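Below, each chain spelled out in residue letters.
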Amino acid sequence: MELSDKVNTLLQEANVFEPPVPIKNIAVNWGARVLPYELGEEVSGILVYDNYKGTIGYNSSNHRVRQRFTIAHELGHLIYHVSDNSGKEMFVDKDFIIKFRSEKDYSPKEIRQEREANAFAAFILMPKQFIFSEIKKSKYKELSETEVIEEFAKLFDVSIPAMTYRFADLNISSY
Ligand SMILES: [Zn+2]
């Protein structure tokens, strides 16, 4: 299933029709346990898959928007990278962006999986159709692009860099 179709199905099943996307509920609906953990400074999230059950741990000290991105990212791993015959699997996620500055430390499979989990997180926290219906509103017409992105980041409860990437990805520049 295409990533965007998968995301739309998850949103519909959770009756989510507008931002902010309640990512924790969606993960729980999928069958995951979602828990805060003391993970230290480096690790933002973990996914443990064991005995057919996924447990997502997010860093209890991180800012809320970071926690939301982490939960979405780990849910991406749970949906796409483990299966009933996986046995026991564990993903440990450090800073997703810094990580790719040293790609040589990671196998091509790991890099692909991290990119997929990040793409899933961006798609589900900032659904394309939610962005396009919001951007039509007249209140944005008088704002600069930076201001619009700030407003959208607040509304979708994501970081400004995450929303900036998403706008670029969706080719939003005039509205
Ligand atoms: Zn990851």
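Residues numbered from 1 in each chain as written. Predicted model: local features only at pLDDT ≥ 70, side-chain atom pairs only at ≥ 80, totals over all residues. Heavy atoms only, no water.

Draft legend 1. Structural context of the layout of surface pockets. The space that makes up the second largest pocket amounts to roughly 160 Å³. In terms of lining residues, the second largest pocket is bounded by 11 residues, among which Met-90, Phe-91, Glu-110, Gln-113 and Glu-114 are the most central. Where the lining of the second largest pocket is concerned, the elements lending two or more residues are β4 (89-93) and α5 (108-125). Residues that form the lining of the second largest pocket fall into these classes: four nonpolar, two polar and five charged. (1 Å grid on protein atoms, 1.4 Å probe; cavity = no way out; pocket = protein on both sides within 12 Å on 5 of 7 lines; lining within 4 Å. Points joined across faces, edges and corners; volume = space filled by probe spheres on them. Helix = DSSP H or I, 4+ residues; strand = E, 2+ residues; numbered from the N terminus. Nonpolar A, V, L, I, M, F, W, Y, C, P; charged D, E, K, R; others polar.)

Draft legend 2. Region of the structure containing the packing of aromatic side chains. All told, the structure shown has four aromatic pairs when counted by the stated rule. Here the aromatic rings of Phe-152 and Phe-156 are separated by 5.7 Å at their centres, their planes lie at 10 degrees, and the arrangement is stacked. In this pair, Phe-152 and Phe-156 both sit in helix α7 (residues 145-156), four residues apart, roughly one turn of the helix. Taking relative accessible area as the criterion, Phe-156 reaches 0% and is therefore assigned buried. Connected via pairs of aromatic rings, a cluster forms that spans Tyr-140, Phe-152, Phe-156 and Phe-167. Above the ring of Phe-123, the side-chain terminus of Arg-166 is found at 4.5 Å from the ring centroid. (Phe/Tyr/Trp six-rings, centres within 6.5 Å; stacked < 30°, edge-to-face > 60°. Buried < 20%, exposed > 50% of the residue type's maximum accessible area, 1.4 Å probe, protein only. Lys NZ or Arg CZ within 6 Å of the ring centre and 35° of its normal.)

Draft legend 3. The arrangement of the environment of Tyr-52 in detail. Within the secondary structure layout, Tyr-52 lies in the loop between β2 (45-50) and β3 (53-59). Relative accessible area serves as the criterion here: at 60%, Tyr-52 is assigned to the exposed category. Distance in space between the C-alpha atoms of Tyr-52 and His-63 is 30 Å, their sequence separation being 11 residues.

Draft legend 4. Quick look at the coordination of the zinc ion. Looking at the metal site, the zinc ion is ligated by His-73 (NE2), His-77 (NE2), Asp-93 (OD), Asp-93 (OD) and Glu-114 (OE), spaced 2.0 to 2.6 Å from it. Mapping the donors of the zinc ion onto the primary sequence gives the spacing H-x3-H-x15-D-x20-E. Within this pair, whereas Asp-93 is found in strand β4, its partner Glu-114 is found in helix α5, the two being separated by 21 residues in sequence. Looking at Asp-93, the relative accessible area reads 0%, which means it is buried. (Donors = N, O, S within 2.8 Å, 3.2 Å for Na, K, Ca; no water.)

Draft legend 5. View of the environment of Gly-45. Along the chain, Gly-45 turns up in strand β2. The class of Gly-45 is buried, set by a relative accessible area of 0%. Residues Gly-45 and His-73 lie 28 residues apart in sequence; the distance between their C-alpha atoms is 8.6 Å. Beyond its immediate sequence surroundings of up to four residues, Gly-45 is in contact with Leu-39, Gly-57, Tyr-58, Thr-70, Glu-74, Phe-91, Val-92 and Asp-93. (Contact = heavy atoms within 4.5 Å.)

Draft legend 6. Local environment of the nonpolar core. Formed by 43 residues in total, the largest nonpolar core has its most connected members in Leu-75, Ile-124, Met-126, Ile-131, Phe-152, Met-163 and Phe-167. Examining the composition of this core, we find that six residues originate from one element, helix α3 (residues 64-80), more than from any other. Ignoring anything within four residues of it in the chain, the contact list for Phe-167 reads Ile-131, Ile-135, Val-148, Ile-149, Phe-152 and Ile-172. (Core = buried A, V, L, I, M, F, W, Y, C linked by side-chain atoms within 4.5 Å.)

Draft legend 7. Fine view of the pattern of salt bridges. Under the defined criterion, the tally for this structure stands at seven salt bridges. One salt bridge connects Asp-157 with Arg-64, and the closest N-O pair in it is separated by 2.6 Å. One end of the pair, Asp-157, is in the loop between α7 and α8 (160-169); the other, Arg-64, is in helix α3, with 93 residues separating them in the sequence. A relative accessible area of 46% means that Arg-64 is categorised as partly exposed. Across the pair Lys-154 and Glu-151 runs a salt bridge whose closest N-O atoms are separated by 3.5 Å. On the criterion of helical spacing, the pair formed by Lys-154 and Glu-151 is a turn pair, its members being three residues apart in helix α7. Among the residues examined, Lys-154 registers a relative accessible area of 63% and is labelled exposed. Sharing partners across several salt bridges, the network here consists of Arg-64, Arg-68 and Asp-157. (Salt bridge = Lys/Arg side-chain N within 4 Å of Asp/Glu carboxyl O.)

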